[in-house]
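This is what each chain is made of:
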Amino acid sequence: MGTPASGTHTDPAIDVARGVVAELAGEITDAVVCPGSRNTPLVMALMAREDIRVHVRIDERAAAFLALGLARAQRRHVAVCMTSGTAVANCLPALVEACQSHTPLVVLSADRPQRLHGTGASQTITQNGLFAAYVETLQVDAAAAATDPERGVRAWLRAHPQAHINVALDQPLVPDAPLGRVAAPRTTAPRPVNAFVDHGEVAVDLSLDTVVIAGDEAWEVPGLEEVPTIAEPSAPAPLNPVHPLAADQLHPQQVIVVGHPTLDRRVMALAAGQTMPPGGEVIVLSRTEQLTDPQRAASRVGSRVAVTGAVRRGWLRRCEDTSQRAAETVRDVLRDPEMGITGLHVAAAVADTLAEGDAVFAAASNPVRDLSWVGLPLGGNPTFTPRGAAGIDGTISQAIGVALARDAESPDLPTAPRTIALVGDLAFLHDCGGLLIGPAERRPENLTIVVANDDGGGIFAGLEIGDPVHSDVFERAVATPHGARLGQLCAGFGVEHSRVDNLEDLVSALMDAHQHPRFHVLEVATTRASRRRLGQAVRP
């Protein structure tokens, strides 16, 4: 482990903390810290570094998701630091999402020394191995520091994109004098920390009618550029896009799954070979250890393709025509006044008012699906969505993290690039604590959080439990109406809020956000009463 920075402190806890942070500084530009006693040496060491931006949050769960949002946008490790005990356990949801989405994240936890374990000491739990189902713990204490370079922090991070570093710290925790500042140039370039897993090369004959299904973590596969592609919002925008609602109309001879698609049942049925003619083949491409093949339908797996043949013009026309009909069906349904204003209407307004360079953060529930139905992905609009474990946990915190990362990427621009987050009311309420940002902390300069508020879980209306025959259970225990007043919540957190109840005002508010960059919440009153009927109507 690296030697402590300048200064003459001899307290073991301070020396260990400074050594850990010195090695972290070579891998991170940002850290999120939470208040506590046992992690004081780590917090002091982090705040002494001029090359690390420190963000402070009260709640460890929100802090971990803020770090995850920063890491999604930066494509490099971000650390979240907390005290001992259950504070550490609160990081599990974010760490699970990081592992499932292959997003770099460091949980930097302070621990009590070994002599206090098993004694009933306050805030003492088993932290070493706490996340063993997902990551191995690097245990650091004063006795082990600087003795094993292969298990040093920097080497550990380079070998572990998602990491838990558990630092045992004993009294005294605070030095007699303040720590001196450590000046060092800040690394700004994104650093891909995941070593690609190469599953080999697959031979692909493009003279067969082929569809690509591109999900989260997809990439532009050389050789497949012209193949008709069903692309989820966080996938690269394809040259020949196919609407997801056309998935079961095409009946291709060959399906190539790239990355981690998850959104649409029709698309996933196609990925499983269920809507292909006899003899059709499913090929899965991945650059991680994860293969998205829930039905085990793939006959071949790879990371690269060797292409023969060419895409037939007739196949391109058929895919284009079928896709166009599906897209037009969606827009026709949105014009039906009997549908009211739904989350899909809100997603359409967001997609239609995006400017080039805007980034989109979409909650994992209906918002990301709705965006896929109304036209995303779009070139020039990076899109982030938590599709690893696909939970709504930490949605607001992640969106703020993405916006803060974009702010830091463009410090010389007169206006920070805009991030627009599309979330539902349940996702908003689930992480409303993410809006708690202290007066001394960086706040997003240009973030619009659009909340489609249908007073409950509209996504479930389209599932089997949403059938009216189950209405007694559905409305109370699944739809979960809440009656929360989002404006009052925002006011309590000191965040600007406005509410609209019609599409004209929504579009006007979105356009105003382009002209007046700021951090604010835009609530849209929507209905879920027509959501099941809408879902049925958009299917061609």
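Given the structure is predicted, the values throughout are model-derived calculations rather than measurements.

*Asks:* Can you lay out the overall build of the chain for me, pointing to particular residues and giving the numbers?
*Replies:* Helix and strand counts for the chain come out as 17 helices and 19 strands. With the principal axes as the frame, the chain shows a C-alpha extent of 75 × 55 × 50 Å. Across the 540 residues in the chain, those meeting the buried criterion constitute 54%. When contacts within the chain are restricted to residue pairs at least 6 apart in sequence, long-range pairs at least 24 apart make up 76% of them. Just so you have it, the chain exposes about 22,100 Å², and 52% of that area is on carbon and sulfur atoms. Counting 45 positive and 62 negative side-chain charges, the chain places the centres of these two groups 1 Å from one another.

*Asks:* Could you give me a rundown of the sheet that holds strand 1 (residues 30–33), with the residues and numbers involved?
*Replies:* The strand order 2-1-3-4-6-5 describes an open sheet built from six strands, whose pairing is parallel. Because the sheet does not close on itself, it has two edges, and the strands there are strand 2 (53–56) and strand 5 (137–140). On average, each strand axis in the sheet is tilted by 20° relative to the strand beside it, whichever way the strands run. Examined bridge by bridge, strand 4 (residues 105–111) and strand 6 (residues 162–168) share seven bridges and lie parallel to one another. What sits directly across from Val107, in strand 6, is His164.

*Asks:* Describe the side chain of Thr83, with residues and values.
*Replies:* Within the secondary structure layout, Thr83 lies in the loop between strand 3 (79–82) and helix 4 (86–89). Those residues in contact with Thr83 that lie beyond four places of it in its chain are Pro35, Gly36, Ser37, Arg38, Asn39, Val88, Ala110 and Gln123.

*Asks:* So what's going on with helix 12 (residues 395–409)? Which residues, and what values?
*Replies:* Its 15 residues give helix 12 an end-to-end C-alpha distance of 21 Å, which sits within 8% of 21 Å, the value for a rise of 1.5 Å per residue. Counting buried positions along helix 12 yields 13 of 15 residues, so the element is predominantly enclosed.

*Asks:* Lay out helix 11 (residues 366–374) with the relevant residues and their values.
*Replies:* Taken across its nine residues, helix 11 has eight buried, putting it largely inside the fold. Along helix 11, the residues that are buried comprise Asn366, Pro367, Val368, Asp370, Leu371, Ser372, Trp373 and Val374. Two residues or fewer past helix 11, Gly375 is found with a positive phi of approximately 135°.

*Asks:* Which residues make up the UniProt feature "domain: Thiamine pyrophosphate enzyme N-terminal TPP-binding" (unreviewed entry) in the chain, and what are the values?
*Replies:* UniProt feature "domain: Thiamine pyrophosphate enzyme N-terminal TPP-binding" (unreviewed entry): in the numbering of this structure it lies at residues 16–127. Helix makes up 41% of residues 16–127 and strand 17%, and the two end C-alpha atoms of the span are 18 Å apart.

*Asks:* Account for the pattern of salt bridges, with residues named and values stated.
*Replies:* Per the stated rule, a full pass over the model turns up 22 salt bridges. In this structure, Asp352 and Arg331 form a salt bridge, with 2.9 Å as the shortest nitrogen-oxygen distance. Of the two residues, Asp352 sits in helix 10 (residues 343–352) while Arg331 sits in helix 9 (residues 313–334), which places them 21 residues apart along the sequence. A relative accessible area of 25% places Arg331 in the partly exposed class. Beyond isolated ion pairs, a larger network of salt bridges with shared partners links Glu27, Arg154 and Arg158.

*Asks:* How would you explain the side chain of Gln127 if you had to name every residue and give the values?
*Replies:* Its place among the elements puts Gln127 in the loop between strand 4 and strand 5. A polar contact of 2.7 Å, which involves the side chain of Gln127, links it to the side chain of Asn166.

*Asks:* So what's going on with the packing of helix 10 against helix 16 (residues 503–515)? Which residues, and what values?
*Replies:* Relative orientation and spacing of two packed helices are given, respectively, by the angle between their axes and the distance between those axes. Two elements in contact, helix 10 and helix 16, have axes whose closest approach is 10 Å; the angle formed by their N-to-C orientations is 35°. Crossing geometry of helix 10 relative to helix 16 is assigned as right-handed. In this structure, helix 10 contributes His345, Val346, Ala349 and Val350 to the contact, and helix 16 contributes Leu503, Leu506, Val507 and Leu510. Class assignment of the residues belonging to the contact of helix 10 with helix 16 gives a composition of seven nonpolar, one polar and no charged.

*Asks:* So, the pairing of strand 18 (residues 496–500): which residues are in play, and what are the values?
*Replies:* As defined by bridge partners, strand 18 adjoins strand 19 (residues 519–525) across five bridges and the pair is classed as parallel. In the sheet register, Glu496 faces strand 19, and the bridge partner there is His520. The parallel pair strand 18 and strand 19, bridged by helix 16, forms a crossover whose chirality is right-handed.

*Asks:* So what's going on with the confidence of the model for the chain? Which residues, and what values?
*Replies:* When the pLDDT values of the chain are averaged, the result is 92; 95% of them are 70 or greater. Counted against residues more than four places away or in other chains, residues 2–7, with its pLDDT under 50, gives nine contacts.

*Asks:* How would you summarise the sheet that holds strand 8 (residues 210–214) if you had to cite specific residues and measurements?
*Replies:* Here we have five strands laid out as an open sheet, ordered 9-8-10-11-12, and parallel in their pairing. Of all strands in the sheet, those with a lone pairing partner are strand 9 (229–231) and strand 12 (300–302), marking the two edges. Looking at each pair of strands side by side, their axes are set apart by 20° on average, direction ignored. Judged from the five bridges that link them, strand 8 and strand 10 (residues 254–258) form a sheet pairing that is parallel.

*Asks:* Explain the nonpolar core to me, using residue names and the numbers behind them.
*Replies:* Judged by nonpolar contacts, the single largest core of 69 residues is most densely connected at Leu224, Leu285, Leu371, Val374 and Val450. In terms of residue count, the dominant contributor to this core is helix 10 (seven residues). Contact partners of Leu224, with chain neighbours within four places excluded, come to Leu206, Val212, Ile256, Leu285, Val305 and Val307.

*Asks:* Mind laying out unusual backbone geometry, listing which residues take part and the relevant values?
*Replies:* The amide bond that connects Gln171 to the next residue, Pro172, takes the cis arrangement and shows omega of 0°. Inspection of the secondary structure assignment puts Pro172 in the loop between strand 6 and strand 7 (201–205). Of note, the amide linkage connecting Leu376 to Pro377 takes the cis form, showing an omega dihedral of 10°. Residue position: Pro377 is located in the loop between helix 11 and strand 15 (383–384).

*Asks:* Describe in detail the environment of Leu489, supporting the description with residues and values.
*Replies:* Note on placement: Leu489 falls in helix 15 (residues 486–493). Residues Leu489 and Ala132, spaced 357 residues apart in sequence, show a C-alpha to C-alpha distance of 37 Å.

*Asks:* Tell me about the packing of helix 10 against helix 11, residues and numbers included.
*Replies:* Taken N-terminus to C-terminus, the directions of helix 10 and helix 11 make an angle of 60°; their axes are 8 Å apart at the nearest point. In terms of their interaxial angle, helix 10 and helix 11 are classed as oblique. In this structure, helix 10 meets helix 11 at a crossing whose hand is right-handed. Residues Gly343, Leu344, Ala347, Ala348 and Ala351 of helix 10 touch helix 11, and the partners they reach there are Asp370, Leu371, Trp373 and Val374. Partitioned by chemical class, the residues of the contact of helix 10 with helix 11 number seven nonpolar, one polar and one charged.

Quick notes on the rules
Residues numbered from 1 in each chain as written. Predicted model: local features only at pLDDT ≥ 70, side-chain atom pairs only at ≥ 80, totals over all residues. Heavy atoms only, no water. Helix = DSSP H or I, 4+ residues; strand = E, 2+ residues; numbered from the N terminus. Buried < 20%, exposed > 50% of the residue type's maximum accessible area, 1.4 Å probe, protein only. Contact = heavy atoms within 4.5 Å. Areas by Shrake-Rupley, 256 points an atom, 1.4 Å probe, with all protein chains shown as cover. Lys, Arg positive; Asp, Glu negative; His and termini not counted. Charge placed at Lys NZ, Arg CZ, Asp CG, Glu CD. Pairing = 2+ DSSP bridges. Axes fitted to C-alpha atoms, helices over the stretch in contact; angles between N-to-C directions. Expected span 1.5 Å × (residues − 1). UniProt positions renumbered as here; feature names shortened; annotations may be inferred. Salt bridge = Lys/Arg side-chain N within 4 Å of Asp/Glu carboxyl O. Polar contact = N/O pair within 3.5 Å; in protein donor to acceptor, adjacent residues only side chain to side chain. Left-handed = near helix turned anticlockwise from the far one by under 90°. Nonpolar A, V, L, I, M, F, W, Y, C, P; charged D, E, K, R; others polar. Right-handed = clockwise from strand over helix to strand, strands pointing away. pLDDT = per-residue confidence, 0-100. Core = buried A, V, L, I, M, F, W, Y, C linked by side-chain atoms within 4.5 Å. Parallel < 35°, antiparallel > 145°, perpendicular 65-115°, else oblique.

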